[in-house]
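# Examination of the molecular architecture
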Amino acid sequence: MCRKFFLIVLCCIGLFQLNAAHLKGGWIQYEYLGDGATTNSSRYRITVRQYLDCNSQGPQIDPEVFLGIFNRISNTIVTTITIPRSGTDNPNKTTYDPCLTNPPPVCYRIDRYTTEVDLPNNAEGYMLTVQRCCRIANIANVGAISSTIGISYTNTIPGTINGTSYVKNSSPVFAQRDTAIVCFNAPFTFDFSATDIDGDSLVYSFCNGLIGGNNSNQGARPNPPSAPPYAPVLYQSPFDGSSPMSGSVTINPITGLINGIAPSITGEYIVAVCASEFRNGVKIGETKKEIHIQVADCSLSAADLKPTYISCNGFTLSFQNESTGTATNYLWDFGVANSTTDVSTDPTPTYTYADTGTYQLKLKVTNTGGCQDSAFAEVRIYPGFTPDFTATGTCYLNEYNFRDATFSRYGTVNSWRWNFGDLTSTADTTRAKDSVWTYPSPVTANVTLVVTNSKGCVDSITKPINVLDKPLLNLAFKDTLICSIDTLPLFANVGAGLVQWTPNIPGSLTRISNRNIPNPLVYPVDTTQYIVTVNNNGCINQDTVTVNVLDFISVDAGPSVTICRTDTIQLQTVSDALSYQWTSASGSPVDPVKFPRLAPLQNDTYYVTANLGFCQARDSVRINVSPYPEVSVGADTVICFGSRLNLPATIVGSSFAWTPTNSMINANTLNPIAGPSRTTLYRLTVSDTLGCNKSVTDSILVRVVPPIVVNAGPDTVALPDQPVQLNASGVGSFTWTPTTGLSDPTIANPILTLSAGTDSITYTVRLTGEGGCFGQDEIKVKVYVGGPQIFVPTGFTPNGDGKNDVLRPIAVGISQLNYFMIYNRWGQSIFSSTELNKGWDGTFKGEPQPSGTYVFQVEGIDYLGNRIYKKGTVVLIR
């Protein structure tokens, strides 16, 4: 019993293995054969192609498939048909490029199931479905779960679309070119092109693979298939139905060729392509083919080119080998007949063709191992292809007309793809040359046209189209004046539609030349409003022109006026006129406007003639011209602090005023005395009451030199015939007087030597600075005849008044000071110095010392080398 159970389980496992992991894609084709056997029906031949692993066997090969036919709109089942296998194809790659390393096996088993069926003609159309499980394991863009999911093959038979029946239709037929080799990380091309027996236009795109059938309750071969819609394959990131292999792999929507750089991960990839079928710009069906494309671990040291190179805007193209294989030598032939110079050995050459035409490009490469390969491609040079279109319409209630305006210098435009930019609809596309579209509401739509020509050029253009809410209506003016004896043309810029003018005053209909043209003539006798209406198939727009009527007009050029010479004046003319002509007594030209700008240099009279149609009026205005006032106060100057100067000024005018006046004497005269204590800018403003009433100003900068500070130094004592150096401080030029005993009376620190017969001399030092300004100071020099000595004052007052603030020793005949020291009452040393000119300021560590008696000691060496010492007291007074 156990042995029998084990055999049953083993057989079941084997059966599952035979049924599982073998599907590699498929698609459904149908052909219209004619009317069906019953009234109002059609007969179709339906072929199901199922792709299997080429090693499939036993139960993996279906003897029949179960076709479900569903209502295309309601998705309800109409019928189920069992179709037996009618044939098998075994495409197998048997020849390989000798430069291909590690060539992979490429083969399929393609089983065909064909039947014929009569279907009632209906408006909804039909969906054809076959479902089968399961796919092969570990599909690269799905993952490990791929062996648990099946596939749904689908196609659609159209019914009635926009009132037109399309039941007499055959689906596109895909070319069976499925054994192309795809090597990882290498450029490749895969052909998904199809042909259509009805001549319909085909547009190719990637689309989702669909799931169907399973190994559980639904079954590996559902009969009947489940009703649509069908769930898409769950691609693993970054893949999806629109990018099934990589971002660089694309499909040409016109040719159905897939090309790009293959993924870097080897394995099989689910790729589904939908061929959308268009007839006269209307999409009537969609045929989907889904297969597994193998990306193999191989490489090709080869030449590879794009299928076609096209230049539609010039004569120059750049080329490169599209293969990722390694090559060491390149030989390009650009295909120019009877030419030996149209060659290049560059890896990426650029070539300029001399003329238009179709050329055969050839590339021959050699790799390091000596393997050679060649590739050929067609080159088309047809510059002068410019896409364009026109769009006309009135408003969103009516159709907008789109007309192709593409320019093609060579060849003829042979296909069009419109997208009308209607975001509320997915049906806003067509492949007709010219078309119309009705928008649901006012909008700015971005309309795109993609065009091709018979030479292979492809280009597109996008334009924003303003969909209006009402027809175009623009008035040249909306409010105007005429004279009661005049006729006025009205101007309305309108698009298509009927125009009607209506006056608001009863009885005025006879005073308009034609109410139904855009530009009628009117001649009202009273002020009238004219309402213009544009009606384009129910799109209505209105606007109004008010025509004010006057029996006569007047003009006032304004009162006479006086202006300053070189000034401009704008006349403020008062009138209802619409045109003005000016003349002047001097003959100067004047702009023919209502408010002209004038700049006369002399007195002049201006005459105006104002017109409102045949109504006319005249007036004149006189413009008197007066010169500006004049003022001059001289150049900027410099004075010494405490000095004064006269400010001479000349003017031409009736009044003047100085500012500022607080440092002036006689400020109400033209020659005031100024004595500023700091640098000051004086302004003199002059005005005139005789004509030009504008004031003018001139200024003078009086720069004040600050007081010159000079210090001759403290009084001193000198020994007879012994030199003493004087030290004056300040910035400028020094002059000492008298010059007795001085080495140089023009420097700050002259050497003084006095004889024994001199008692004392007082010297004055003058310091001269900027502008000749000066300062003076004095120093008294007493001649001491008692020999070298050091004198110390008996007191000092350090109160910061600049007098007797510092206690210094007075050295007579002393060449070196050994020390000068001060002690407080407790014997603490509070000051010490060895510099002759340095003294005590009455502080200790920055703190002022109190009034009182302090002890000093001083010692120096005289000019004979003798030691001089002195000790005593000094009083600090605060």
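Position labels on residues start from 1 in each chain and follow its written sequence. For a predicted model such as this one, the threshold for reporting local features is a pLDDT of at least 70, and the threshold for listing and counting side-chain atom pairs is 80 or more; totals across whole chains, interfaces and linings nevertheless cover every residue. The basis for every side-chain value is the complete set of non-hydrogen atoms in the structure, without hydrogens or water.

Before going further, it helps to spend a moment on the nonpolar core. What tends to happen in soluble globular proteins is that the nonpolar side chains get buried as a cluster. Residues grouped as a nonpolar core are buried Ala, Val, Leu, Ile, Met, Phe, Trp, Tyr and Cys residues, joined through side-chain atoms within 4.5 Å. Burial classes: relative accessible area under 20% of the type maximum marks a residue as buried, over 50% as exposed, and values in between as partly exposed (1.4 Å probe, protein chains only). With 34 residues, the main nonpolar core has Phe 192, Ile 258 and Val 271 as its most contacted residues. Put simply, DSSP marks the helices as runs of H or I at least four residues long and the strands as runs of E at least two long, and each gets a number from the N terminus on. Counting residues per element, the ones that place at least two in this core are β6 (108-120), β13 (187-191), β15 (201-207), β18 (267-279) and β19 (282-296). Ranked by residue count, the leading element in this core is β18, at five residues. Residues in contact with Phe 192, not counting those within four places in the same chain, are Phe 174, Tyr 204, Gly 256, Ile 258, Val 271, Val 273, Lys 289, Ile 291 and Ile 293. Among the nonpolar cores identified, the runner-up in size contains 23 residues, and Ile 28, Tyr 44, Val 48 and Val 130 belong to it. Note on contacts: a residue pair is in contact if any heavy atoms of the two residues lie within 4.5 Å.

Let's shift gears to the environment of Ser 588. Position of Ser 588 relative to the elements: it lies in the loop between β49 (579-584) and β50 (597-598). Residues Ser 588 and Phe 641, spaced 53 residues apart in sequence, show a C-alpha to C-alpha distance of 58 Å. What qualifies as a polar contact is a pair of N or O atoms within 3.5 Å, subject to a donor-acceptor requirement within protein and to the restriction that residues adjacent in sequence count only when both atoms come from side chains. One polar contact links Ser 588 to Ser 586, side chain to side chain, over a distance of 3.0 Å.

Moving on: the sheet that holds strand β72 (residues 829-833). Across the sheet, five strands lie side by side as β69-β76-β75-β71-β72; this open sheet has mixed pairing. The strands lining the two open edges of the sheet, one partner per strand, are β69 (795-796) and β72. Across two bridges, the pairing between β69 and strand β76 (residues 867-876) is parallel. Residue Gly 795 lies in a different strand from β76, and its bridge partner there is Val 875. Here the rule is simple: two strands pair whenever DSSP picks up at least two bridges between them.

Let's shift gears to the sheet that holds strand β57 (residues 655-659). On the basis of which strands lie adjacent, the open sheet formed by four strands has the order β54-β61-β60-β57 and mixed pairing. The open sheet has two edge strands, β54 (637-640) and β57, and neither has a second partner. In this sheet, neighbouring strand axes are inclined to one another by 25° on average, regardless of whether the strands run parallel or antiparallel. Alignment of β57 against strand β60 (residues 680-687), held across five bridges, turns out to be antiparallel. Bridge pairing in β60 places Trp 658 opposite Leu 684. Only the stretch in contact is used when a helix axis is fitted, and all axes are lines through C-alpha atoms; the angle between N-to-C directions ranges over 0 to 180 degrees.

In what follows, a disulfide is any cysteine sulfur pair within 2.5 Å. Considering all chains together, one arrives at nine disulfides under this definition. Residue Cys 183 pairs covalently with Cys 298 via a disulfide, S to S 2.0 Å. Because the sign of the S-S torsion sets the handedness, a value of about -105° for the bond joining Cys 183 and Cys 298 places this disulfide among the left-handed ones. Of the two residues, Cys 183 is situated in strand β12 (residues 182-183) and Cys 298 in the loop between β19 and β20 (299-300); the sequence distance between them amounts to 115 residues. With a relative accessible area of 7%, Cys 183 lands in the buried category. Note on cysteine connectivity: Cys 395 is disulfide-linked to Cys 539, with sulfurs 1.6 Å apart. Across the S-S bond of Cys 395 and Cys 539 the torsion is about -55°, and the bridge reads as left-handed. Residue Cys 395 is located in the loop between β29 (389-392) and β30 (400-404), and its partner Cys 539 is located in strand β44 (residues 539-550); the two are separated by 144 residues in the primary sequence. A single burial state applies to Cys 395 and to Cys 539, both of which are buried.

Considering the arrangement of structural elements, one finds Thr 533 in strand β43 (residues 528-536). The exposure class assigned to Thr 533 is buried, which follows from its relative accessible area of 19%. A distance of 2.9 Å separates polar atoms of two side chains, one belonging to Thr 533 and the other to Gln 542. Ignoring anything within four residues of it in the chain, the contact list for Thr 533 reads Leu 498, Val 499, Gln 500, Ile 540, Asn 541 and Gln 542.

Let's shift gears to the pattern of salt bridges. A side-chain nitrogen of Lys or Arg and a carboxyl oxygen of Asp or Glu constitute a salt bridge if their distance falls within 4 Å. According to the stated counting rule, one finds 25 salt bridges in the structure shown. The salt bridge partner of Lys 283 is Glu 286, with a shortest N-O separation of 3.2 Å. According to the relative accessible area criterion, Lys 283 is partly exposed, its value standing at 40%. Given a relative accessible area of 32%, Glu 286 falls into the partly exposed group. For Asp 543, the salt bridge goes to Lys 478, with nearest N and O atoms at 3.0 Å. You can see Asp 543 sitting in strand β44 and its partner Lys 478 sitting in the loop between β37 (473-475) and β38 (479-483), a full 65 residues away along the chain. Overall, Lys 478 belongs to the partly exposed group, its relative accessible area being 49%. By sharing partners, the salt bridges in this structure join Glu 31, Arg 43, Arg 45, Glu 116 and Asp 118 into a single network.

Quick look at the pairing of strand β52 (residues 615-626) now. Taken residue by residue, a regular strand's side chains alternate between the two faces of the sheet. Inspection of the sheet shows strand β46 (residues 561-564) paired to β52 by four bridges, in the parallel sense. Bridging across to β52, Thr 562 finds its partner in Asn 624. Sheet topology note: the strand β51 (residues 604-612)/β52 ladder contains nine bridges and is antiparallel. Bridge pairing links Leu 612 to Cys 615 in β52. Count of turn residues in the β51/β52 antiparallel hairpin: two residues, of which Gly 613 carries a positive phi of about 65°.

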